[in-house]
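# Coordinate inspection notes
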Amino acid sequence: MIPTVDRRRLRLQLLDLVAALTLTAVYAGFVRMGSGDGQAHYTGPLWTGYLVAAAVGLPIAVRRRRPLLVLAVVLAALAAASLLDIVREPYAAAGFGAYLVGLAEPARRSVPALAVALTVAGGAVYVGEAVVTPAEDPSGAVGVAGLVVLVIAGSWGAGRTVRGRRADAVRDERRRAERAVAEERLRIARELHDIVSHNLSLIAVKAGVAGHVADADPQEARAALKIIEETSRSALAEMRRTLGVLRGQGTQLGADTLLAPDAPDAPLGPVPDLGRLDALGVEAGRAGTDIRFAVHGTEQLAEGMRVTVHRIVQEAVTNVVRHASPTRCRVTVAADTREIRIDVVDDGPPAGRRRTGHELPGGHGLLGMRERVMMYQGSFAAGPRPEGGFAVSVRLPVDGERNT
């Protein structure tokens, strides 16, 4: 399947080829007729005229690859056509070339190119009208030259305007992505607070137990100390991982973001856990989404990993509810000794309703999932399914804390 960007590029190149062939044919017709506007009368060899016609039209086919070179060749050919009295139309081919120069080239090259183009085109047309075939009304030469200048300058200006709008769109998208990253880091910081609070509470309780039974039951005291050791190690790993994201280290973020389930200023609450997935199903059901969970092998996961898995599932389900409901959704979470597999697949919106949520930027859901996955050096994929609907696939290594 050809990507959308490649299809668009091929379509534009095909249009350029059609324009090039059309212009070449038109100029060849002028050469053969000996007159294009009732005033020009070419009397030279046909092969010379056809060569000029080819030089005018054919370069337009590759104008997107070498805009400056194409404009130079087309201008030289059009100037020759004017001086040879083939035709002195308003330089449509030069307009095609000037548009791409304004669109694709930076100002330090496109502005001088425009100045040269206007000088060459205007001068050639004026000389052709006033000297080669003098008109009865001298002001006619000025008028034709002015029309040519207007066509070239207007085409260049249109290309420059489009270039500016595209640059503005890129800057806006970058700002949205940066804002989304900042908001996501705030959410991660909030979860860091939850993780640390949970683990420190457990450590405090077990430390109290160990101190209380140290003399009477040394075995129970050792068990409590073992739990303290494991909990503290897990907490330190989670802190290193989360702080690394907050410092902006090792993350790869994209612009294809969606709405996240929680706002940056949401109040702190209980640490989310895989045991609370049924609550997500109840909320999704109220919005018309029939959701089915299949969770296997997650009992031995560390607390921080369980939080991450819950958040990923929560964000994926929220996207389904917001952008495809009413629909059916299947959530599979399976863990073994090597990795955790998370798959969220929906059947898509009802027939006749166009899906817009997952494909368009503007929110933070996919960004949030990708950020959390990168924390664990995992893999993330999301996109439309060929048979309809949308799929999110995540793979997290169980020993991810050793990779951070």
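Residues numbered from 1 in each chain as written. Predicted model: local features only at pLDDT ≥ 70, side-chain atom pairs only at ≥ 80, totals over all residues. Heavy atoms only, no water.

## Describing the overall build of the protein chain
- Of the regular secondary structure elements, the protein chain holds 10 helices and 5 strands.
- Residues classed as buried in the protein chain amount to 41% of the 404 residues present.
- Taking contacts inside the protein chain between residues at least 6 apart in sequence as the whole, the part at least 24 apart equals 73%.
- Of the roughly 20800 Å² that the protein chain leaves accessible, carbon and sulfur atoms contribute 60%. (Helix = DSSP H or I, 4+ residues; strand = E, 2+ residues; numbered from the N terminus. Buried < 20%, exposed > 50% of the residue type's maximum accessible area, 1.4 Å probe, protein only. Contact = heavy atoms within 4.5 Å. Areas by Shrake-Rupley, 256 points an atom, 1.4 Å probe, with all protein chains shown as cover.)

## Quick word on the sheet that holds strand S3 (residues 339-346)
- With respect to topology, 5 strands assemble into an open sheet ordered S1-S2-S3-S5-S4, the strand pairing being mixed. Taken across any chain shown, the strands that pair with only one partner, and hence form the sheet edges, are strand S1 (289-296) and strand S4 (379-384). Ignoring which end each strand starts from, the neighbouring axes of this sheet average 5° apart.
- As defined by bridge partners, strand S2 (residues 327-335) adjoins S3 across 7 bridges and the pair is classed as antiparallel. (Pairing = 2+ DSSP bridges. Axes fitted to C-alpha atoms, helices over the stretch in contact; angles between N-to-C directions.)

## Overview of the side chain of Asp-16
- Along the chain, the position of Asp-16 falls in helix H1 (residues 4-33).
- Among residues more than four places away in sequence, those in contact with Asp-16 are Ile-60, Ala-61, Arg-63 and Arg-64.

## Side note on the side chain of Thr-318
- Within the secondary structure, Thr-318 is located in helix H9 (residues 303-323).
- In terms of polar contacts, Thr-318 uses its side chain to reach the backbone carbonyl oxygen of Gln-314, at 2.7 Å. (Polar contact = N/O pair within 3.5 Å; in protein donor to acceptor, adjacent residues only side chain to side chain.)

## Quick word on helix H3 (residues 67-83)
- With 17 residues, H3 should cover 24 Å at 1.5 Å per step; its first-to-last C-alpha distance of 24 Å lies within 8% of that length.
- Inspection of H3 places Pro-67, Val-70, Leu-71, Val-74, Leu-75, Ala-77, Leu-78, Ala-79, Ala-81 and Ser-82 among the buried residues, and these make up the whole buried set.
- Once H3 ends, the next one or two residues include Asp-85, with phi positive near 65°. (Expected span 1.5 Å × (residues − 1).)

## Some remarks on the confidence of the model for the protein chain
- Residue-level pLDDT values for the protein chain average 77, and 77% of them are 70 or greater.
- Predicted confidence in the protein chain is weakest over helix H7 (residues 218-246), with a mean pLDDT of 76, and strongest over S3, with 93.
- A low-confidence stretch, residues 249-270 (pLDDT under 50), is modelled with 59 contacts involving residues beyond four sequence positions or located in other chains.
- Below a pLDDT of 50 lies the segment residues 354-363, which in the model reaches 26 contacts outside its immediate sequence neighbourhood of four places, other chains included. (pLDDT = per-residue confidence, 0-100.)

## So, a nonpolar patch on the surface
- Taken together, the side chains of Leu-14, Leu-17, Val-18, Leu-21 and Leu-58 define a hydrophobic patch exposed on the protein surface, amounting to about 440 Å² of accessible area.
- As for its placement among the helices and strands, Leu-58 is situated in the loop between helix H2 (46-57) and H3.
- Relative accessible area serves as the criterion here: at 42%, Leu-58 is assigned to the partly exposed category. (Patch = residues over 30% accessible without salt bridge, like charges linked within 9 Å, V, L, I, M, F, W, Y side chains within 5 Å. Salt bridge = Lys/Arg side-chain N within 4 Å of Asp/Glu carboxyl O.)

## Quick word on the environment of Gly-97
- Along the chain, the position of Gly-97 falls in helix H4 (residues 92-104).
- Along the primary structure Gly-97 and Arg-66 are separated by 31 residues, whereas in three dimensions their C-alpha atoms are 9.7 Å apart.
- Look past the residues within four positions of Gly-97 in its chain and what remains in contact with it is Ile-60 and Leu-71.

## Side note on a positive patch on the surface
- A cluster of basic side chains, namely Arg-7, Arg-8, Arg-11 and Arg-166, defines a positive patch on the protein surface.
- With respect to the secondary-structure elements, Arg-7 resides in helix H1.
- We classify Arg-7 as partly exposed; its relative accessible area is 36%. (Lys, Arg positive; Asp, Glu negative; His and termini not counted. Charge placed at Lys NZ, Arg CZ, Asp CG, Glu CD.)

## Here's the deal with unusual backbone geometry
- A positive phi angle, close to 60°, is found at Gln-377, a residue other than glycine.
- A residue is classified by how much of its surface remains accessible, and Gln-377, at 44% relative accessible area, is partly exposed.

## Things to note about the pairing of strand S5 (residues 390-397)
- Here S3 runs beside S5; their pairing, made up of 8 bridges, is antiparallel. Its bridge partner lying in S5, Val-344 is registered against Val-392.
- Bridge analysis of S4 against S5 gives 6 bridges, and the strand direction is antiparallel. Paired with Gly-383 across the two strands is Ala-391, which belongs to S5.
- The turn joining S4 and S5, which pair antiparallel and follow one another in sequence, is formed by 5 residues; a positive phi near 110° is taken by Gly-388.

## Some points on the packing of H2 against H3
- Their axes nearest at 8 Å, the elements H2 and H3 cross at an angle of 145°. With respect to the hand of their crossing, H2 and H3 are arranged in left-handed fashion. In this structure, H2 contributes Val-52, Ala-55 and Val-56 to the contact, and H3 contributes Val-73, Val-74, Ala-77, Leu-78 and Ala-81.
- Classifying every residue of the contact of H2 with H3 gives 8 nonpolar, no polar and no charged. (Left-handed = near helix turned anticlockwise from the far one by under 90°. Nonpolar A, V, L, I, M, F, W, Y, C, P; charged D, E, K, R; others polar.)

## A word on the environment of Arg-338
- Mapped onto the elements of the fold, Arg-338 is located in the loop between S2 and S3.
- Spatially, the C-alpha atom of Arg-338 lies 6.0 Å from that of Pro-397, the residues being 59 residues apart in sequence.
- Here Arg-338 is in contact with Leu-396, Pro-397 and Val-398, once residues within four sequence places are set aside.

## Some thoughts on H2
- The terminal C-alpha atoms of H2 lie 17 Å apart, and with 12 residues this matches the ideal 16 Å at 1.5 Å per residue to within 8%.
- By the burial criterion, the buried members of H2 are Gly-49, Val-52, Ala-53, Val-56 and Gly-57. Buried residues of H2 fall within an arc of 120° about the axis and therefore sit on the same side. Along H2, exposed side chains directed more than 90 degrees from the buried face belong to Trp-47 and Leu-51. (Arc of directions from axis to C-beta.)

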